[in-house]
Amino acid sequence: MGTVTTPPDEQARSIFDDLGYSLAGDGAEFSATRDWKEIRVTAVTDDVDADEDSSYRCFVTWADNTDALERQLRRLDPPYEWAVMGVDEDGDYEVARAPPVN
């Protein structure tokens, strides 16, 4: 896959919808809610804004960017539970989970 500069927001929406989440919001950032859990989902390609306004965050990026994004989040050490999801253009994805917040 070549360099892709647009965030994988359509893929992220499709994945969370298929998993049974209710989606709210437009663009590269939206909320996904199921049962009691609300996840703030952000589709990114490069740097991430790891602000502190959520208990659960999922950062979705292209599969080629997954390792770099996970390293960036570990350096930032945000105070919430987070995951990085790497997606392919064909819709396949893999999730890397961070350790629980202390």
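Anything mentioned here points back to the structure above.
The paragraphs below set out a description of the structure included in this document. (Residues numbered from 1 in each chain as written. Predicted model: local features only at pLDDT ≥ 70, side-chain atom pairs only at ≥ 80, totals over all residues. Heavy atoms only, no water.)

1. A closer look at the side chain of Gln-72
No. 1: Checked against the element boundaries, Gln-72 lands in helix 2 (residues 66-76).
No. 2: For Gln-72, a relative accessible area of 12% gives the class buried.
No. 3: What Gln-72 contacts, discounting residues up to four positions off in sequence, is Asp-46, Asp-47 and Val-48. (Helix = DSSP H or I, 4+ residues; strand = E, 2+ residues; numbered from the N terminus. Buried < 20%, exposed > 50% of the residue type's maximum accessible area, 1.4 Å probe, protein only. Contact = heavy atoms within 4.5 Å.)

2. Quick notes on helix 1 (residues 9-18)
No. 1: Those residues of helix 1 that fall on the buried side of the exposure criterion are Gln-11, Ala-12, Arg-13, Ile-15 and Phe-16.
No. 2: Considering only its buried residues, helix 1 is in contact with strand 1 (22-24), strand 2 (29-34), strand 3 (37-43), strand 4 (56-62), strand 5 (81-87) and strand 6 (93-97).
No. 3: Remark: Gly-20 follows helix 1 within two positions and exhibits a positive phi of approximately 90°.

3. Notes on the sheet that holds strand 4
No. 1: In spatial order, the strands read 1-2-3-4-5-6; together these six strands make up an open sheet with mixed pairing. At either margin of the open sheet sits one strand with a lone partner, and together these are strand 1 and strand 6. With strand direction ignored, the average angle separating the axes of adjacent strands in the sheet is 25°.
No. 2: The pairing of strand 1 with strand 2 spans three bridges and is antiparallel. The residue bridging Leu-23 from the neighbouring strand is Ala-32, located in strand 2.
No. 3: Along the sheet, helix 1 contacts strand 1, strand 2, strand 3, strand 4, strand 5 and strand 6; its crossing angle with strand 2, the most-contacted strand, is approximately 5°.
No. 4: Taken strand by strand, helix 2 contacts strand 4, strand 5 and strand 6, and its axis lies near 165° from that of strand 5. (Pairing = 2+ DSSP bridges. Axes fitted to C-alpha atoms, helices over the stretch in contact; angles between N-to-C directions.)

4. Remarks on the nonpolar core
No. 1: Within the largest apolar cluster, 13 residues are counted, with the highest numbers of intra-cluster contacts made by Phe-16, Val-41, Cys-58, Val-60 and Met-85.
No. 2: Those residues in contact with Met-85 that lie beyond four places of it in its chain are Ile-15, Phe-16, Cys-58, Phe-59, Val-60, Thr-61, Tyr-93, Glu-94 and Val-95.
No. 3: Counting eight residues, the second largest nonpolar core, distinct from the first, contains Phe-59, Leu-69, Trp-82 and Val-84. (Core = buried A, V, L, I, M, F, W, Y, C linked by side-chain atoms within 4.5 Å.)

5. Some words on the pattern of salt bridges
No. 1: One pass over the full model with this rule turns up two salt bridges.
No. 2: In this structure, Arg-40 and Glu-29 form a salt bridge, with 3.0 Å as the shortest nitrogen-oxygen distance. Remark: Glu-29 occurs in strand 2 and Arg-40 occurs in strand 3; sequence separation between them is eleven residues.
No. 3: Exposure remark for Glu-29: the relative accessible area of 34% places this residue in the partly exposed category.
No. 4: For Glu-70, the salt bridge goes to Arg-74, with nearest N and O atoms at 2.9 Å. (Salt bridge = Lys/Arg side-chain N within 4 Å of Asp/Glu carboxyl O.)

In short, the description is geometric, and any link to function would need to be established separately.
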